[in-house]
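Understanding the architecture of this molecule
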Amino acid sequence: MRIAMGIAMSALAATVAGCATSPVDYGASLSPQDPKWASPQCQQARAAAAAYAAREKQHPGWEFAALGPYGLGIIAATKEAEQKQRKLYARDVHLQCSSLPLPKELQGDLSPAGAKAKYP
């Protein structure tokens, strides 16, 4: 039981330590002087990011803590999924609102299909 609790706490700490920035904050950090900033696609991407941020604040996910070590694992998995969603929204905001190249932290395959385990 203690081992499972330790593993769950480690997973939770590792997940929280690598928090992705909010897509709303990321969008605010982009230059409004960019020609893409005023486009309808950019406005839609920023609105979707703001809606996601509002939904994310409505469900903190800590109610699973009552399940003990299993609940902590669920919380860790939920937080990891939220971080991936934040990156997806930030990536979309960047692509729609900025002419600059995509930053390294937003590159790569962030889709759930890319997260499949590969077995030997």
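Our subject is the structure listed above.
Residues numbered from 1 in each chain as written. Predicted model: local features only at pLDDT ≥ 70, side-chain atom pairs only at ≥ 80, totals over all residues. Heavy atoms only, no water.

1. A word on the environment of Asp 34
Tracing the sequence through the fold places Asp 34 in the loop between α2 (23–29) and α3 (40–58). Non-local contacts of Asp 34, meaning those with residues more than four positions away in its chain, are made with Cys 97, Ser 98, Ser 99 and Leu 100. Among the polar contacts listed, one links the side chain of Asp 34 to the backbone nitrogen of Ser 99, at a separation of 2.8 Å. (Helix = DSSP H or I, 4+ residues; strand = E, 2+ residues; numbered from the N terminus. Contact = heavy atoms within 4.5 Å. Polar contact = N/O pair within 3.5 Å; in protein donor to acceptor, adjacent residues only side chain to side chain.)

2. Structural notes on α3
Over its 19 residues, α3 runs 27 Å from end to end, which matches the ideal 27 Å to within 8%, given 1.5 Å per residue. All buried positions along α3 are accounted for by Cys 42, Ala 45, Ala 49, Tyr 52, Ala 53 and Glu 56. The arc that holds the buried residues of α3, viewed along the axis, is 100°, so those residues lie on one side. Seen from the open side of α3, the exposed residues pointing more than 90 degrees away from its buried face are Pro 40, Gln 44 and Gln 58. (Expected span 1.5 Å × (residues − 1). Buried < 20%, exposed > 50% of the residue type's maximum accessible area, 1.4 Å probe, protein only. Arc of directions from axis to C-beta.)

3. A closer look at the side chain of His 94
Along the chain, the position of His 94 falls in helix α4 (residues 69–97). Polar side-chain contacts of His 94 include one of 2.8 Å to the side chain of Tyr 26. The contact partners of His 94, leaving out residues within four places of it in the chain, are Tyr 26, Leu 30, Leu 100, Pro 101, Leu 102, Pro 103 and Leu 106.

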